[in-house]
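# Close look at the chain arrangement
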Amino acid sequence: MILDHHPFDLNEAGHLAIGGLDSTVLAEKYGTPLYVYDVSVIRENCRAFIGTFQELGISAQVAYASKAFSSIAMLQVIKQEGLSLDVVSQGELYTALEAGFPADKIHMHGNNKSVDELEMAIEHDIGCIVIDNFHEIELIRHILERKNKQMNVLLRVSPGIEPDTHDYIVTGNEDSKFGFNLADGQADDAFLELQHNNLIHFKGLHSHIGSQLFDTEEMLLAAKILFRKLADWHEKYGYTPEVLNLGGGFGIRYTREDKPLDYSEHVKKLSAVVQEQAAYFNLPIPEIWIEPGRAIAGNAGLTLYTVGSIKEIPGVRHYVSVDGGMTDNIRPALYNAKYEGILANKAAAPVRDTVSIAGKCCESGDMLMWDLPVPVIESNDILAVFSTGAYGYSMANHYNRFPKAAVVFVENGEDQAVVKRETYHDVVKNDISYE
Ligand SMILES: *Cc1c(COP(=O)(O)O)cnc(C)c1O
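Residues numbered from 1 in each chain as written. Predicted model: local features only at pLDDT ≥ 70, side-chain atom pairs only at ≥ 80, totals over all residues. Heavy atoms only, no water.

## With respect to the pattern of salt bridges
The final tally for this structure, using the stated rule, is 21 salt bridges. Of the charged contacts, one joins R43 and E411 as a salt bridge, the two residues approaching to 2.8 Å between their closest N and O atoms. Here the residue R43 occupies a position in helix α2 (residues 39-56), and E411 occupies one in strand β20 (residues 406-411), the gap between them amounting to 368 residues. Residue R43 is classed as buried on the basis of its relative accessible area, which comes to 14%. Note that K203 is salt-bridged to E242, the shortest N-O span being 2.9 Å. (Salt bridge = Lys/Arg side-chain N within 4 Å of Asp/Glu carboxyl O. Helix = DSSP H or I, 4+ residues; strand = E, 2+ residues; numbered from the N terminus. Buried < 20%, exposed > 50% of the residue type's maximum accessible area, 1.4 Å probe, protein only.)

Next up, the structure:
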């Protein structure tokens, strides 16, 4: 049963329910395509990480990687749950500040941060900047001197690991655009530059080795590699790290083939290795920082679509087109991401057919799912696609001039729009006439 893999239920009418509400009623009320989140699932995910650290008595920060899904309402929930926040741009930082997120719990990432982005971060005294490259050290140094301010920083390093996941989201290997390489001495040069600067507080190392990781092994290996470097600096220069940031990438269940580890298990294993390494090198235990994105937002959200045209190619394939596609979920077209779905209005009906779900953009690559088992499918059925809560809305685009879909939050039996559906006026609002 597909619903065994996703945190949603069937209701008495045989419809898909989300947070106790009938998804077909939500589709009717708000229109489709529609992103719907069960806020209680977001909260559970947050608590699995942060609560486990608390139970273990380990000092830690869990920073939600807001690129997965950033909106004011989302960041308000994240703030309520006591997480920290990662931003990678001025737009994400602006959203966080508009949401009232405490600046000292915001961390800024990016492999090409602009002067404007860094100035905004420094002006608002955010908690930490994760420095990616030598150019950025220079920019930060100038801004801090000019403004006579100070800033906490981590250095992002690439430990040279190639996790077993999709090639496009491997980032911790040596041939990567992100971070200082450990192997060739870049990280040592950066460390020495920071040691000579009293406006920059170098708190420790960061690595993010990739995404959709199902076990903790590669992350544990990265932790060990980072520790070896920190111990080396401790021995040579008397440096004591305060923070070890191991990044995000905790895998989630998109389809039944995905078998991610429990988040609390990840946290226990990471904590054990950090304690063991600190003891081995005779260093104080650093604060552990992690940065889950999809693991917080992914399985809490789904997308509802209305079925339109159906094309049967006998003996070949049934194409079923829906009223969205690569404009609201570009991941299948971008990196062949796999999803599961269900007919929300026929969620209890027996499977009768196998169909492939097409988007409505003018691209053959605009497919959402291949070979989805479904009951008898007809126009106007409501299709729900699961686990679209991360990198769905946040990667939405205006291709073919489709307005962006709305986002609805459901909690305690109530629904509330948290991002309005765009109008056609929104679509043309930046166009300037030329006549
Ligand atoms: C993308 C990213 C994350 C989050 O990745 P998920 O797979 O969504 O958990 C965390 N940290 C950094 C530096 C990232 O680039």
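Having seen the structure, we can now continue with the description.
## Focus on the UniProt feature "modified residue: N6-(pyridoxal phosphate)lysine" (unreviewed entry) in the chain
Within this numbering scheme, the UniProt entry marks K67 as carrying the feature "modified residue: N6-(pyridoxal phosphate)lysine" (unreviewed entry). Note on placement: K67 falls in the loop between β5 (60-65) and α3 (72-80). (UniProt positions renumbered as here; feature names shortened; annotations may be inferred.)

## Things to note about the state of the cysteines
Across all of its chains, the model carries zero disulfides by this definition. The cysteine C362 is free of any disulfide, with C361 supplying the nearest cysteine sulfur at 7.4 Å. (Disulfide = S-S within 2.5 Å.)

## Notes on the packing of α2 against α3
Between α2 and α3, the shortest axis-to-axis distance is 10 Å and the interhelical angle comes to 40 degrees. One element, α2, and the other, α3, form an angle in the oblique class. Crossing of α2 over α3 shows right-handed handedness. Residues V39, I42, R43 and C46 of α2 pack against M74, V77, I78 and Q80 of α3. Looking at the contact of α2 with α3 residue by residue, the classes come out as six nonpolar, one polar and one charged. (Axes fitted to C-alpha atoms, helices over the stretch in contact; angles between N-to-C directions. Parallel < 35°, antiparallel > 145°, perpendicular 65-115°, else oblique. Left-handed = near helix turned anticlockwise from the far one by under 90°. Contact = heavy atoms within 4.5 Å. Nonpolar A, V, L, I, M, F, W, Y, C, P; charged D, E, K, R; others polar.)

## Concerning the site of the ligand
For the ligand, the set of nearby residues contains 14 residues, the closest of which are K67, S211, E291, R294 and Y391. Between H208 and the ligand, the recorded distance is 3.5 Å, taken from a side-chain N or O atom to a nitrogen atom. A distance of 2.5 Å separates an oxygen atom of the ligand from a polar atom in the side chain of Y391. Class assignment for the residues of the shell around the ligand results in three nonpolar, seven polar and four charged. (Near = heavy atom within 4 Å. Polar contact = N/O pair within 3.5 Å; in protein donor to acceptor, adjacent residues only side chain to side chain.)

## A few points about the packing of aromatic side chains
Per the counting criterion, the structure on display carries 18 aromatic pairs. Seen from their ring centres, Y37 and F69 are 4.7 Å apart, and the 10 degrees between their planes marks the pair as stacked. With Y37 in strand β4 (residues 34-38) and F69 in the loop between β5 and α3, this residue pair connects regions lying 32 residues apart in the sequence. Across this residue pair, the class does not change: Y37 and F69 are buried. Arranged with centres 5.4 Å apart and planes meeting at 85 degrees, the rings of Y254 and Y339 form a pair that is edge-to-face. In this pair, Y254 is assigned in the loop between β12 (243-245) and α9 (263-281) and Y339 in the loop between α11 (331-335) and β16 (341-343), connecting sequence segments 85 residues apart. There is no split in this pair, since Y254 and Y339 are both buried. Following the ring pairs from residue to residue traces out a cluster consisting of Y35, Y37, F69, Y393 and F409. Sitting above the plane of the Y393 ring, K404 keeps its charged end 6.0 Å from the centroid. (Phe/Tyr/Trp six-rings, centres within 6.5 Å; stacked < 30°, edge-to-face > 60°. Lys NZ or Arg CZ within 6 Å of the ring centre and 35° of its normal.)

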